[in-house]
Amino acid sequence: RHVHYSYFLVFLNQTAGRRRVTLTADRTIIPLGGRVTLTCSVEDPAGFKYEWSRQTSDYSVKTLLQTENLDDKFRVISKGGKYTCRGWRREPDVVTPESNEVIIEETVPNKAVVTLQPNWSEIHRGETITLRCEIKDGGDTDWEYEWRTTSSEKPSNQNELSIRSVSASHSGDYRCKGRKKREKSSTDWSDPFKLTVSDKPQSVLTVSPSWLSAGASVTLNCSVKDQSAGWRIYWYKTVPDPSDNSYSYELLPGSSSGTEQDSYIVHGQTHTAGYVCRAGRGDPVYYTDYSQPKFVWSADFHSSASLTVSPDRAQHFTSDSVCEGNSTEWRVKRLSPEDRYLSDCTAWGTMTGSTCKLNTNWLSDAVYWCESGSGEFSNAVNITIQNKNMILLSPARPVTEGDSVSLSCKLRRQTFDFIVFFYHNEKLIQSDTRWELNISAVSKSDEGFYKCQHSGQESAQSWMSVQAVSRPERSSSPVLLIVGLICGIVLIILLLLLYRYRPSKDTCFKRPIQSESSNTDQNEAQCNEYSSPPHGDVCLYESIKHSEDTEHVAGGSQDVTYSSIELKHFGKKEKQQTPEERSVYSDVRTGAADNNLLYAQVFSHNKGKKKKGQ
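This one's a predicted model, so the numbers in the text were calculated from it and none came from an experiment. (Residues numbered from 1 in each chain as written. Predicted model: local features only at pLDDT ≥ 70, side-chain atom pairs only at ≥ 80, totals over all residues. Heavy atoms only, no water.)

(A) Looking closely at the overall build of the chain. A count of helices and strands for the chain gives six helices and 52 strands. Looking at the 614 residues of the chain, the share that counts as buried comes to 39%. Counting only contacts in the chain whose residues sit at least 6 apart along the sequence, the fraction spanning at least 24 positions is 62%. Of the roughly 35,800 Å² of accessible surface on the chain, a fraction of 50% belongs to carbon and sulfur atoms. (Helix = DSSP H or I, 4+ residues; strand = E, 2+ residues; numbered from the N terminus. Buried < 20%, exposed > 50% of the residue type's maximum accessible area, 1.4 Å probe, protein only. Contact = heavy atoms within 4.5 Å. Areas by Shrake-Rupley, 256 points an atom, 1.4 Å probe, with all protein chains shown as cover.)

The following block contains the structure:
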C-alpha cells in the first residue's frame, strides 16, 4: 500500500484538478463510549479506492490509517483527531487531492462543573462574583475551556469568569466544558448553572425598648431580607447634620469590622438617640443599604435643652393649638408613622425664637424632640392627635417620683354619665363613675402606658414617664464612729498592760485587807495557789476596792466593783498546767492617793506547747 501511495504522490500534480473530494462526519464529537462515522465522497467515484489519515494534535505528524476494505468510503472511528481522506484508481491512473479536514473530538470521562464563588444562594446587584469551570479528576492536564450562556456575558476561554459589579443582565444559565490542548478530546458540557441577580437587599433595624428609663440597656436587632450566609452587621448611631436636615452615621464601639451577631446591646443610655445598621460581605466588602433610623426615646430632661408642650398633655384634639418650646440654637424635630423622612419645624409649623407653633392642618401622631448640630438630644414627647370624641389627659413630660399625678378622660362635647375604665399597661386599675385617676405619690412602678374607656369608646394610650429622685447614701452616725474609736483605744491599752505585767513562775501578789476597826488598809503578802478552772476554761477575775476618805467612811458606804470575764478556750486540749503557769497578777494603782488601788487578777491558759526543759 505504501508503494501505491508513493505512486499517487508522483502523479498528484497531474490529477489534482480532475476530482473533488469531500470528507463529512455524522457528528464531530464522539460521546463517551460511542462512535462517529466518516464519509469520503469523490466526484465520479466509479472504481475508486479510499485512504484515511489522522493527526492527533496540531503539532503531531499525520499518519496513514490501516484499512481492511479499500473500496469502502465509510469509516467508523472512536478516537478523536484531525481526519482527511483521498481517492485513487489505476486504470486510468487517477489520484484525487486530499480532502478537507474534519476535527473529531473524543469525549473523556472527566466531568465539568460550574461553581460560584462566593458560594451564596442569592447574588445582589453590585456584588463581585466568579464563575469557575472545574474538571473533576482533571489532574495536571493542560486544559482550555469553552463557555456557553444565555446571558449577555461573553465568556473567555479561561476556567474563571469574573464579573465585577454584577447586574441583572448577567442573570442566566452558564455551562462549560474542558478541552485538552494537545489532544482532540474534551469533556462533555456541564450541567447548567442558573445565576439570578437580585436588587440590593434592605437592612431592617428594631430597637427595644423604644422608651427607656435613664441608664437602662437598649437592644438593637438588625435583619437582612436575604437569608443567605456571609453577612456581618455594622452598627451606627445617628449624628444630626444641620446643613441638610439629615444625619451622618458614626460606628458604634466594636463594630468597625462588623459583628457576626445580629444583635447589639447599648449599655447605660441616658438620652434620646437614633441608630441605624447595615450588613456587608465579600472582599471588597459589599454593603446593603442603611436601615431606616430607629430612635430610642428618653423623656428625661436634657441638661441644656428641654422640650415642653402647651397645653401640657400627651393627647390633643385636632382643633387644639400645640406649641413646643426649645432652647436656642436647637431645632425641633418630629418622626411620625406617616413620614418617610425626618422633618423639622419649618415643614409643619412656624418657628419663632425658641417656640414652634404647629399648624393644625399638619398635625399628626408623632414623637417630638429637640436636637443640636453636635448630636445632643433633648427629652422626647409623644403627642397623639385624635379625631375621636375622647382623649386621655396625661402629662407630656416626666413626673417626679413622689409627686401627685392626675390622669383624666376628656370628651369633646359631652360629659361622662357611665362608668369610666382606666388601664395601666393593658391592666384595668379603676372602674367607676370618676373621670379622673389620681395617684397621690407616684413611683417608678406607675410608669407605663395609660388609656381610658367609656361607653364603648376608647382613647389612645399614652406613656407616662416617672423620673426617679436621687437619694444620697446615708453616712454612718458620728456617735458610732467615736464610740468605736474609743473602744479600740481602750482595748489596745489593756493589751499593752497585760503584756507589760505578765508574771513569771511563783508570782506573788498583794491583796488589800481593809481593817474594819481602824479603817486602814494593810497589805498582806501572800503566795496563793489556785486550782485549774473547770473544763479547761480560762477565767479572769478583777476586784476593785475604793477606799473612801476617813470622813466618808464613818457615815457612808463603800462602793465595790467586781467584774468577771470568762475566756473560752478554742484550741486543742492541752496537758494539765500548774497554777503558776495559768495565773497572772497585776497591781495597778490609780488616783491621787496611795490607798486608791485597782487590782486585776487574770487566769489564762498557755496555748503554746511546753518546750523541752521547761
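More follows now that the structure is in view.
(B) Structural context of the environment of T37. Take T37: it is sitting in strand β3 (residues 36-42). Non-local contacts of T37, meaning those with residues more than four positions away in its chain, are made with T24, A25, D26, F74, R75 and V76.

(C) Looking closely at the sheet that holds strand β21 (residues 218-224). Strand order across the open sheet formed by three strands is β19-β21-β24, with antiparallel pairing between neighbours. Looking along the sheet, the strands with just one partner apiece sit at the ends: β19 (203-208) and β24 (263-266). If you compare each strand with its neighbour and ignore which way they point, the axes differ by 20° on average. Strand direction decides the pairing type here: β19 and β21, joined by six bridges, are antiparallel. Across the sheet, the residue bridging to S203 is V224, located in β21. (Pairing = 2+ DSSP bridges. Axes fitted to C-alpha atoms, helices over the stretch in contact; angles between N-to-C directions.)

(D) Representation of the sheet that holds strand β12 (residues 129-135) within the structure. With antiparallel pairing, three strands are arranged side by side in an open sheet as β10-β12-β14. Because the sheet does not close on itself, it has two edges, and the strands there are β10 (112-117) and β14 (160-163). The mean inter-strand angle of the sheet, taken between neighbouring strand axes irrespective of direction, is 15°. Sheet analysis places β12 next to β14, joined by four bridges and oriented antiparallel. Paired with R132 across the strands is E160, a residue of β14.

(E) Representation of a nonpolar patch on the surface within the structure. On the surface, a cluster of nonpolar side chains totalling about 840 Å² of accessible area is made up of I482, L485, I486, I489, V490, I493, L494, L497 and Y501. Within the secondary structure, L485 sits in helix α4 (residues 478-500). Overall, L485 belongs to the exposed group, its relative accessible area being 57%. (Patch = residues over 30% accessible without salt bridge, like charges linked within 9 Å, V, L, I, M, F, W, Y side chains within 5 Å. Salt bridge = Lys/Arg side-chain N within 4 Å of Asp/Glu carboxyl O.)

(F) Main features of the nonpolar core. Grouped together as the largest cluster of nonpolar side chains are 20 residues, with contacts concentrated most on I123, I129, L131, C133 and W147. If you list the elements that add at least two residues to this core, you get β10, β12, β13 (143-149), β14 and β15 (172-180). The contact partners of I123, leaving out residues within four places of it in the chain, are L116, I129, V166, L195, T196, V197, S198 and R281. Formed by 19 residues, the second largest nonpolar core is a distinct cluster that contains L205, V218, W235 and C277. (Core = buried A, V, L, I, M, F, W, Y, C linked by side-chain atoms within 4.5 Å.)

(G) Quick look at the pattern of salt bridges. As enumerated under the stated definition, the model contains 17 salt bridges in all. Here E105 and R179 are joined by a salt bridge, their closest N and O atoms 2.3 Å apart. In this pair, E105 sits in strand β9 (residues 102-107) while R179 sits in strand β15, placing the two residues 74 residues apart along the sequence. Relative accessible area serves as the criterion here: at 12%, E105 is assigned to the buried category. Here D191 and K111 are joined by a salt bridge, their closest N and O atoms 3.8 Å apart. Linking D191 in the loop between β16 (185-186) and β17 (193-195) with K111 in the loop between β9 and β10, this pair joins segments that are 80 residues apart in sequence. Here D191 falls in the exposed class, since its relative accessible area comes to 52%.

(H) Representation of the packing of aromatic side chains within the structure. All told, the structure shown has seven aromatic pairs when counted by the stated rule. Taking the centre distance of 6.4 Å and the plane angle of 55° together, the rings of Y236 and Y249 count as tilted. Of the two residues, Y236 is situated in strand β22 (residues 232-241) and Y249 in strand β23 (residues 246-251); the sequence distance between them amounts to 13 residues. Arranged with centres 4.7 Å apart and planes meeting at 50°, the rings of Y249 and Y290 form a pair that is tilted. Of this pair, Y249 sits in strand β23 while Y290 sits in the loop between β26 (286-287) and β27 (294-298), and the two are 41 residues apart along the sequence. Relative accessible area serves as the criterion here: at 31%, Y249 is assigned to the partly exposed category. With relative accessibility at 31%, the residue Y290 sits in the partly exposed group. (Phe/Tyr/Trp six-rings, centres within 6.5 Å; stacked < 30°, edge-to-face > 60°.)

(I) Summary view of the environment of T141. Tracing the chain through its elements places T141 in the loop between β12 and β13. For T141 and K180, which are 39 residues apart along the polypeptide, the C-alpha to C-alpha distance reads 7.0 Å.

(J) Highlighting the state of the cysteines. Taken as a whole, this structure holds four disulfides when the rule is applied. With a sulfur-sulfur separation of 2.0 Å, C40 is cross-linked through a disulfide to C85. Between C40 and C85 the sulfur-sulfur dihedral comes to about 85°; the bridge is accordingly right-handed. Taken together, the positions of C40 in strand β3 and C85 in strand β7 (residues 81-89) put the pair 45 residues apart, joining distant regions of the chain. Given a relative accessible area of 2%, C85 falls into the buried group. Disulfide partner of C133: C176, at an S-S distance of 2.0 Å. (Disulfide = S-S within 2.5 Å.)

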